[in-house]
Amino acid sequence: MKQSIVHVALVVRDYDEAIEFYTKKLNFTLVEDTYQPEQDKRWVVVAPPGSDGTSLLLARASKSEQQPFVGNQTGGRVFLFLNTDDFWRDYNNMVSLGIAFVREPKSEPYGTVAVFEDLYGNLWDLLELKTENSIE
């Protein structure tokens, strides 16, 4: 048996502002943006550059009970982990683009890591895993 997680849904306030952030600030690729008239919503998928793994489904909060979860899907814990092949290149670029880092870079046994916020306040790890810990 072989299974995989294809998408992770990220609740967002607005499709276009989320697309702008992920494509312009994090350099993600817009994989799909398709309007679904029967549900009056869009299917918006973004992925990190060069990625062929899990992607993000940007899901606009469409009900009032979903609104409080925009930016707080995990109750303040780090939610997503963005692995890179060059930590310092990406860290410096993100800082230059105004990405807020809430934990400064740190060397750990598994690699180099820092925690940043996306446009809604969700916490992400930016990390470069050491070779023996890399994801294949």
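Up top is the structure.
To keep things clear, this report deals only with the structure shown in the data block. (Residues numbered from 1 in each chain as written. Predicted model: local features only at pLDDT ≥ 70, side-chain atom pairs only at ≥ 80, totals over all residues. Heavy atoms only, no water.)

### Focus on the nonpolar core
Counting 29 residues, the largest nonpolar core has Tyr22, Leu56, Leu58 and Phe116 as the members making the most contacts within it. Looking at this core, the elements that each hand over two or more residues are β1 (7–12), α1 (15–25), β3 (41–47), β4 (55–60), β5 (78–83), α2 (87–96), β7 (111–117) and β8 (123–129). The biggest single contributor to this core is α1, with five residues. Not counting the four nearest positions on each side in its chain, Phe116 is found in contact with Leu26, Leu82, Met94, Ile99, Ala100, Phe101, Val102, Asn122, Leu123, Trp124, Asp125 and Leu126. (Core = buried A, V, L, I, M, F, W, Y, C linked by side-chain atoms within 4.5 Å. Buried < 20%, exposed > 50% of the residue type's maximum accessible area, 1.4 Å probe, protein only. Helix = DSSP H or I, 4+ residues; strand = E, 2+ residues; numbered from the N terminus. Contact = heavy atoms within 4.5 Å.)

### Focus: α1
Buried within α1 are the following residues: Tyr15, Ala18, Ile19, Phe21, Tyr22 and Thr23. Taking the backbone nitrogen of Asp16 as reference, a side-chain oxygen 3.0 Å away marks Asp14 as the first, capping residue of α1. A positive backbone phi angle near 65° is found at Asn27, which sits one or two residues after α1. (Polar contact = N/O pair within 3.5 Å; in protein donor to acceptor, adjacent residues only side chain to side chain.)

### Notes on the pattern of salt bridges
A full pass over the atoms with the stated rule returns six salt bridges. Measuring nitrogen to oxygen at the nearest pair gives 3.0 Å for the salt bridge that ties Asp16 to Arg42. Separated by 26 residues along the polypeptide, Asp16 in helix α1 and Arg42 in strand β3 bring together distant segments of the chain. The partly exposed category is assigned to Asp16, whose relative accessible area is 46%. Between Lys106 and Glu108 there is a salt bridge, with its nearest N and O atoms 3.5 Å apart. Beyond isolated ion pairs, a larger network of salt bridges with shared partners links Asp16, Asp33 and Arg42. (Salt bridge = Lys/Arg side-chain N within 4 Å of Asp/Glu carboxyl O.)

### Some thoughts on the sheet that holds β8
The strand order across the open sheet built from four strands is β5-β8-β7-β6, with neighbouring strands paired in mixed fashion. Taken across any chain shown, the strands that pair with only one partner, and hence form the sheet edges, are β5 and β6 (101–108). Between one strand axis and the next, the sheet turns by 20° as a mean value, whatever way the strands run. Here β6 pairs with β7 via five bridges, running antiparallel. By the bridge assignment for β7, Phe101 is matched with Phe116. Those strands touched by α2 are β6, β7 and β8, and its axis lies near 165° from that of β6. (Pairing = 2+ DSSP bridges. Axes fitted to C-alpha atoms, helices over the stretch in contact; angles between N-to-C directions.)

Taken by themselves, the reported measurements are silent on function.
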